[in-house]
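Next come the chains, spelled out residue by residue.
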Amino acid sequence: MTTANLSHTTPIYRGEAAGRQNFKNAQDAQTVSQSKFLSDVLTGLASSPKTLPCKYLYDAHGSKLFDQICELPEYYPTRTEIGILRRHLPEMAELLGPKAQVVEYGSGSGLKTRLLLDALHSPTGCALIEISCSHLENCARKMQGEFSHLEISAVCADYTRPVKLPEAPDGTARKIVFFPGSTIGNFDSEDAQSFLKAMAETVGTGGGLLIGVDLRKDRAILEPAYDDAAGVTAEFNLNLLQRINRELGANFPLKDFEHKAIYNSKLGRVEMHLVSKSNQVVRIAGKAFEFKVGETIHTENSYKYTIAGFKRMATSAGWNVEQVWTDDDNLFSVQYLTT
């Protein structure tokens, strides 16, 4: 995936007093990104088939909706990954070693990060990277309250582009990237390999990566996970059109689009689409985009891997797969890689 360069590093939080500091430039960072947002939307809707980058699903409301998705009965990845972490964190902590700085790409709610920091031996700090500045602020403040002895830094940025991180805290022995949630599945194979290479450069020689990787399974499990009975995932997907209306002045009629999720077994991925329910024309920034009934906007992919397939890709990107943990049903994996 390509991204906007909207990095803004917040002050490093050290204890309660510093924790009260505001993300004073977060709104500026989001404002600067609007031109890129518009460019990406216009380019995606002009393509055939129409697409929109999945990173834009995660505005403040979208991030809250995704947190709700993670609690749904159909959505197995979150609870399964947390189960793997709770069961194997002592072993993981031994492998990651003492005095590590954790760098998390896509901080989300921060629950898994807090579990990891609790388990590690004398970690020196944690750098959180998140595209939704308001969501990042809430997560960083909570984390600083729980880990007042650590240096918690926050970077409002799109992590799929080069991001300048704060200096590692004094005494740091190694950097560990934490990338849970199988977010690597949102990347096409070539982009996924490039991103893994970039993470290897971030941690440097002797660094590590603890990553969640979703595994291939029956469509009867996969499709409901991305199209739940309560309609939360549908709201999450449609919120992207609402965001485009609000921030870019478009006129998408949300009632004339519906969410659809399908498992493409040939490519090994779940695809999310927004389907036009009528023949219609949508206008954005003076440009008109025609939709035929049944035409879709492809908003997200979620690739599923075999253990062997992910190992091949990781090895090509410069990583060594040291350990793989799975649940009893082999739905999901957490993998430990080193450079």
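Refer to the preceding data block for the structure.
Here we summarise the structure given alongside this text. Values in this document were obtained by computation on a predicted structure and should not be read as measured data. (Residues numbered from 1 in each chain as written. Predicted model: local features only at pLDDT ≥ 70, side-chain atom pairs only at ≥ 80, totals over all residues. Heavy atoms only, no water.)

**Thoughts on the pattern of salt bridges**
Taken as a whole and judged by the stated rule, the model has 17 salt bridges. Linking Arg-141 and Glu-137 is a salt bridge whose minimum nitrogen-to-oxygen distance equals 3.0 Å. Taken as a pair, Arg-141 and Glu-137 lie in helix 6 (residues 133-146) at a separation of four residues, close to a single helical turn. Judged by relative accessible area, which is 28%, Arg-141 ranks as partly exposed. The partner of Asp-214 in a salt bridge is Lys-304, and the shortest N-O contact between them spans 2.7 Å. On the criterion of sequence distance, the pair formed by Asp-214 in strand 7 (residues 208-214) and Lys-304 in the loop between strand 12 (296-303) and helix 10 (307-316) is long-range, its members being 90 residues apart. For Asp-214, a relative accessible area of 0% corresponds to the buried category. Three or more residues are tied together by salt bridges with common partners; here these are Lys-36, Asp-40, Lys-55 and Asp-158. (Salt bridge = Lys/Arg side-chain N within 4 Å of Asp/Glu carboxyl O. Helix = DSSP H or I, 4+ residues; strand = E, 2+ residues; numbered from the N terminus. Buried < 20%, exposed > 50% of the residue type's maximum accessible area, 1.4 Å probe, protein only.)

**A look at unusual backbone geometry**
Leaving glycine aside, a negative phi is the common case for residues, and trans is the common case for peptide bonds. That bond from Ser-48 to Pro-49 is cis: its omega, 0°, falls within 30 degrees of zero. Topologically, Pro-49 is positioned in the loop between helix 2 (26-46) and strand 2 (50-51). Unlike most non-glycine residues, Lys-99 shows phi in positive territory, near 60°. Looking at the secondary structure, you find Lys-99 in the loop between helix 4 (76-96) and strand 3 (100-105). For Lys-99, a relative accessible area of 42% gives the class partly exposed. In this model, Ala-285 sits at a positive phi of 50°, which is unusual for a non-glycine residue. Take Ala-285: it is sitting in the loop between strand 10 (280-284) and strand 11 (287-291). For Ala-285, a relative accessible area of 46% corresponds to the partly exposed category.

**Looking at helix 6**
Helical periodicity: at 3.6 residues per turn, an α-helix aligns residues three or four positions apart in one direction. Helix length check: helix 6 (14 residues) gives 20 Å between terminal C-alpha atoms against 20 Å at 1.5 Å per residue, within 8%. Taken as a whole, helix 6 has its buried residues at Cys-133, His-135, Leu-136, Cys-139, Ala-140, Met-143 and Gln-144. Taken around the axis of helix 6, the buried residues stretch over an arc of 155°, which confines them to a single face. Summarising the geometry of helix 6, the exposed residues directed more than 90 degrees from the buried face are Lys-142 and Gly-145. (Expected span 1.5 Å × (residues − 1). Arc of directions from axis to C-beta.)

**Re the packing of helix 7 (residues 189-203) against helix 10**
The contact between helix 7 and helix 10 brings their axes to 8 Å, and the two run at 50°. One element, helix 7, and the other, helix 10, form an angle in the oblique class. Considering how the two elements wind past one another, helix 7 and helix 10 form a crossing that is right-handed. Contact with helix 7, carried on its side by Ser-189, Ala-192, Gln-193, Leu-196 and Lys-197, involves Phe-310, Met-313, Ala-314 and Ser-316 of helix 10 and no other residues of that element. Residues that form the contact of helix 7 with helix 10 fall into these classes: five nonpolar, three polar and one charged. (Axes fitted to C-alpha atoms, helices over the stretch in contact; angles between N-to-C directions. Parallel < 35°, antiparallel > 145°, perpendicular 65-115°, else oblique. Left-handed = near helix turned anticlockwise from the far one by under 90°. Contact = heavy atoms within 4.5 Å. Nonpolar A, V, L, I, M, F, W, Y, C, P; charged D, E, K, R; others polar.)

**Considering the packing of aromatic side chains**
Overall, the coordinates contain 17 aromatic pairs when judged by the stated rule. Judged by centre distance (5.6 Å) and plane angle (70°), the ring pair of Phe-252 and Phe-257 falls under edge-to-face. For Phe-252, a relative accessible area of 5% puts it in the buried group. Classification of Phe-257 as buried rests on a relative accessible area of 3%. (Phe/Tyr/Trp six-rings, centres within 6.5 Å; stacked < 30°, edge-to-face > 60°.)

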